[in-house]
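Summary of the model geometry
One letter stands for each residue in the lines below.
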Amino acid sequence: MLQLAQRMSVLGTETAFEVLARANKLAAAGRSIINLGIGQPDFRTPAHIVEAGRQALADGQHGYTAANGIPELRRAVHDDLKRSRGVEIDPERIVIQPGGKPTMFFAALMFGEPGAEIMYPNPGFPIYESAIRFSGATPVPIPLYEETGFSFSAEEVLRKITPQTRLIILNSPANPTGGVVPKAELDKLVNGLARHPNVAVMSDEIYSRLIYDNQPHVSLLGYPQLQDRLILLDGWSKTYAMTGWRLGYAVWPQDLAPLATKLAVNDHSCVNAATQWAGIAALDGPQDDVESMRRAFDERRKVIVEELNAMPGVRCVMPGGAFYAFPNIKGTGLASATLQDKLLNEAGVAVIAGTSFGAHGEGYLRFSYANSVANIREAMRRMRALLKAIA
Ligand code: PLP
């Protein structure tokens, strides 16, 4: 009998990948499947970025690089942060990673151990809770409320801090809700954190460029009082349709950046060299594609929310960012997982049960609207027919 480490039994997963596998299997068997399950842009990576990656390989950029990323890319991130957040960051605090995800894992490994508590949004990206449990720490959920556009309550977060709290994970705009936390709530939280100087914050801002209704993105990097304890997570996956390239970055507090780099050396040595050069082209090059993708998502957002709100037993708040709608389906009388399975098996529409994002997701479904308007309308037609048949 093989003896596995106990921590393997607490590792969670991202159900979106399982639903994707089931949807692909049904599609391979000839079923018509509309995939509103997976959270990735349906656009191609802009051509000038692809070309930069190709050119880098042709130029012989095939070897190991510095573990924290090539200086040219960290300089490009520095410039981008100055443009987007108005903040000047020492490039030595920037660590390039293979995607946004590894930073969550590194943060959980750096702060988590038995006896420690780490707070995380619920419903939230499932890897937060998984990584916290894997570290041995106790995950403490921060409930998000539909009534406030799936924001958290700063007062509640501050109330839940204990002497064991080491790290608070935040995510705005958010997966799976599309919620955007109002600046006033962030101000309140940051003010309150002055009383808890030993608590670090990881702000997952991977959807920072996908915000609607002319709202500015409020970054926690803009609060100088947090600079010695803030980990900012961002990357290229969602903004530049680069999920499969595996490229992300984090800004760490000055003292922690070398430790994050040490974790990178232990884990993956460095990010694929050509991908890093493509990342420079993305940040330094024209941003028209980013804006046209954002506009397309905005149009789809309005279509899907209107359609969902017209269905019996369903109501959906207008998401302020990302590319997810998170309708309340309690009025259908079905549990989230049941409706998820029915939609896939009986209607050929792949979506994700809210419970895949934590216990507070019961009664909700996540729809990724990274799909064409025509497909979204057809998916809605199928869902309406399914709900009618059930009622
Ligand atoms: N953070 C959030 C909130 C996400 O939704 C995702 C991907 O779905 C990630 C991070 C991970 O991004 P990446 O693919 O760059 O690892």
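Small disclaimer: the values here were computed from a predicted structure and weren't measured.

Thresholds applied
- Residues numbered from 1 in each chain as written.
- Predicted model: local features only at pLDDT ≥ 70, side-chain atom pairs only at ≥ 80, totals over all residues.
- Heavy atoms only, no water.
- Helix = DSSP H or I, 4+ residues; strand = E, 2+ residues; numbered from the N terminus.
- Rg over C-alpha atoms; globule rule 2.2 N^0.38 Å.
- Buried < 20%, exposed > 50% of the residue type's maximum accessible area, 1.4 Å probe, protein only.
- Domains from an automatic or database assignment.
- Buried area = accessible area lost by both parts, 1.4 Å probe.
- Salt bridge = Lys/Arg side-chain N within 4 Å of Asp/Glu carboxyl O.
- Polar contact = N/O pair within 3.5 Å; in protein donor to acceptor, adjacent residues only side chain to side chain.
- 1 Å grid on protein atoms, 1.4 Å probe; cavity = no way out; pocket = protein on both sides within 12 Å on 5 of 7 lines; lining within 4 Å.
- Points joined across faces, edges and corners; volume = space filled by probe spheres on them.
- Nonpolar A, V, L, I, M, F, W, Y, C, P; charged D, E, K, R; others polar.
- Pairing = 2+ DSSP bridges.
- Near = heavy atom within 4 Å.
- Areas by Shrake-Rupley, 256 points an atom, 1.4 Å probe, with all protein chains shown as cover.
- Sits in = over half its atoms within 2 Å of the grid points.

Our focus in this paragraph is the overall build of the protein chain. On a plain count of helices and strands, the protein chain comes out with 12 helices and 12 strands. For the protein chain, the C-alpha radius of gyration of 21 Å lies close to 21 Å, the compact-globule estimate for 391 residues. By its C-alpha atoms, the protein chain is 60 × 55 × 55 Å across when sized along the principal axes. Relative to its 391 residues, the protein chain shows a buried fraction of 57%.

Attention shifts here to the domain arrangement of the protein chain. A common way to state how big an interface is: give the accessible area lost once the parts meet. When cut into domains, the protein chain gives domain 1 (6–44 + 288–390) and domain 2 (63–284). Once you take the C-alpha centre of each, domain 1 and domain 2 turn out to be 25 Å apart. Regarding the contact of domain 1 and domain 2, the summed buried area is about 3,100 Å², with carbon and sulfur atoms giving 61% of it. Note that Arg301 and Asp213 form a salt bridge whose closest N and O atoms lie 3.0 Å from each other. The tally of links between domain 1 and domain 2 comes to 18 residue pairs in polar contact (both at pLDDT 80 or more). For the side of domain 1 that touches domain 2, the elements supplying multiple residues, two or more each, are helix H10 (288–309) and strand S9 (324–325). Considering each element in turn, the side of domain 1 that touches domain 2 owes the most residues, 6 residues, to H10.

The next point concerns the layout of surface pockets. Computed from the structure, the largest pocket encloses a volume of approximately 420 Å³. Lining the largest pocket are 23 residues, and of these Glu14, Gly39, Lys101, Phe125 and Lys238 lie nearest its centre. Secondary-structure elements contributing two or more residues to the lining of the largest pocket are helix H1 (15–28) and helix H4 (101–111). For the lining of the largest pocket, the per-class residue count stands at 10 nonpolar, 7 polar and 6 charged.

Moving on, we get to the pairing of strand S2 (residues 94–97). On S2, burial covers both faces: Ile94 and Ile96 on one face and Val95 and Gln97 on the other are all buried. Here S2 runs beside strand S8 (residues 248–251); their pairing, made up of 4 bridges, is antiparallel. In the strand pairing of S8, Ile96 is matched with Tyr249.

What follows covers the site of the ligand. In the vicinity of the ligand lie 14 residues, with Asn175, Asp204, Tyr207, Ser237 and Lys238 positioned nearest. Contact between the ligand and Tyr207: an oxygen atom at 2.7 Å from a side-chain N or O atom of the residue. The separation between an oxygen atom of the ligand and a polar side-chain atom of Arg246 is 2.8 Å. Contact with the protein chains hides 94% of the accessible area of the ligand, taken as 400 Å² for the molecule alone. Here the ligand is seated within the largest pocket. Class assignment of the residues belonging to the shell around the ligand gives a composition of 5 nonpolar, 5 polar and 4 charged.

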